[in-house]
Amino acid sequence: MSSPATAPLTGPGPQDGKKRKGVGKVLYQVRTVFKRGGRSKKGAPGQTGPAAAVFTSEPAATVPAGQAKPEYENATRIPRIQIHEERAKKLGARFGLEIKPSEWHSNDGDVLRVEKSVRMRIHRECHRCHATFGAGNECPSCQHKRCKKCTRNPVKRTEEERIANREKREALVRRNKQLGPIIPSYDYSENIVLKRPRKAAQDLVYKGQPRMRVRRHCHMCNTLIAGNTKQPRVCDNCGHKRCDDCPRDPDAKKKYPYGYPNDEPGQIFKGIYACQECRKKFPPNTEDGTECQKCSHKKCSDCPRVKPKKIDPAPDPEIMEALRLRMAELKTADS
């Protein structure tokens, strides 16, 4: 009696993975990962053909009713959906895709997870045929039993190297503890003092750059115009908008001869305007209709106001004359 013909393999061969490219390769890897994690607890799917008949002919092993299922030590029960979500997240971060675990496999039920310590994988190579050993101690190529001449990867360290490595790790831990990352803190309840230690003298204390506080008061009601008012640059008491007449403490008229920035024209100091034709500046508080000294153009409403800005004050002529006389005294007859 002839033996039954075996059916040809329809699964993907080893060369199918090489042919897949792009999105097809990604989808194949995603499907493989979820199939691997979603196997049922009953084992692999049933076989077909004669092998199935041989399997069913054997008597099934019966489990006594009083015997409970084996429990694993240090095992925690985790939902299956959690594992699928972790795998989908890793695959999505790697290939840049949005993967939903519910579309690939069933997420019902729980699984047991056992936390194990990290172990080092040691590979050994036969010193005769340079083949890699498997789980056993016999070479799969030349049947040589593993000996001390066979190469070990990684190389076994001596006691001195272990002590040196342990000291290196302790030094690295201390260094990371001392030079750890700076975490920003927004708690200003305590005064922070910045110091720079010195060996032979007193520590240097950072006191900050000296700053001058500028205060503006309303000239109508003499109220301080703070920076946190309801409306910017408006007095909260009388609603007056800050102008050039509002006093500034300290005064800086020499630095700002055209008025302070962001101020409105006042009643006393109305600003400085320039001629529309030749851009010649009119004197301060010039009324409309005054002729320009350069082009005889009369000041009108179209003449623009000079933008308030900070300028360097002109040097004092008396100081310059004293400096000139001092330099003349230093000159010698030969020069």
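Residues numbered from 1 in each chain as written. Predicted model: local features only at pLDDT ≥ 70, side-chain atom pairs only at ≥ 80, totals over all residues. Heavy atoms only, no water.

(A) Highlighting the overall build of the protein chain. Counting secondary structure elements, the protein chain contains six helices and eight strands. Reading the secondary structure of the protein chain in the N-to-C direction produces α-α-α-β-α-β-β-β-α-β-β-β-β-α. Considering the protein chain as a whole, with its 335 residues, one finds that 16% of them fall into the buried category. A separation of at least 24 residues holds for 45% of the contacts in the protein chain among residues at least 6 apart in sequence. Accessible surface for the protein chain amounts to roughly 29,400 Å². Of this, 52% is attributable to carbon and sulfur atoms. (Helix = DSSP H or I, 4+ residues; strand = E, 2+ residues; numbered from the N terminus. Buried < 20%, exposed > 50% of the residue type's maximum accessible area, 1.4 Å probe, protein only. Contact = heavy atoms within 4.5 Å. Areas by Shrake-Rupley, 256 points an atom, 1.4 Å probe, with all protein chains shown as cover.)

(B) Representation of a nonpolar patch on the surface in the model. A surface patch of nonpolar side chains, amounting to about 410 Å² of accessible area, comprises M320, L323, M327 and L330. Take L330: its relative accessible area is 56%, and that puts it in the exposed class. (Patch = residues over 30% accessible without salt bridge, like charges linked within 9 Å, V, L, I, M, F, W, Y side chains within 5 Å. Salt bridge = Lys/Arg side-chain N within 4 Å of Asp/Glu carboxyl O.)

(C) Broad picture of the state of the cysteines. Inspection of every chain in the model, using the stated rule, returns zero disulfides. Counting only cysteine sulfurs, C221 is the nearest neighbor of C235, a cysteine outside any disulfide, at a range of 3.7 Å. A relative accessible area of 2% places C235 in the buried class. (Disulfide = S-S within 2.5 Å.)

(D) Region of interest: the pattern of salt bridges. Across all of its chains, the model carries eight salt bridges by this definition. Here E86 and R113 are joined by a salt bridge, their closest N and O atoms 3.7 Å apart. Placement of E86 in helix α4 (residues 80–95) and of R113 in strand β2 (residues 110–114) is noted, with a sequence separation of 27 residues between them. Given a relative accessible area of 27%, R113 falls into the partly exposed group. In this structure, R216 and D263 form a salt bridge, with 2.8 Å as the shortest nitrogen-oxygen distance. Of this pair, R216 sits in strand β7 (residues 215–216) while D263 sits in the loop between β8 (248–249) and α6 (317–330), placing them 47 residues apart in sequence. Judged by relative accessible area, which is 7%, D263 ranks as buried. Each of R216, R242 and D263 takes part in a single network of salt bridges with overlapping partners.

(E) Examining the side chain of R242 more closely. By secondary structure assignment, the location of R242 is in the loop between β7 and β8. Since its relative accessible area comes to 14%, R242 is described here as buried. Within the structure, R242 has its side chain in polar contact with the side chain of D263 (distance 2.7 Å). Excluding anything up to four places from it in sequence, R242 contacts R216, I225, R233, P261, N262, D263 and E264. (Polar contact = N/O pair within 3.5 Å; in protein donor to acceptor, adjacent residues only side chain to side chain.)

(F) Broad picture of the environment of K149. Mapping K149 onto the fold places it in the loop between β3 (123–125) and β4 (151–153). On a C-alpha basis, the gap between K149 and R128 in space is 9.3 Å, while along the polypeptide they are 21 residues apart.

(G) Quick look at unusual backbone geometry. Along the chain, N153 connects to P154 via a cis peptide bond; the corresponding omega equals 5°. Relative to the helices and strands, P154 resides in the loop between β4 and α5 (159–178). With omega at 0°, the peptide bond leading from D249 into P250 counts as cis. Here P250 shows up in the loop between β8 and α6. Positive phi outside glycine occurs at Q143, with the angle close to 55°. Secondary-structure assignment places Q143 in the loop between β3 and β4.

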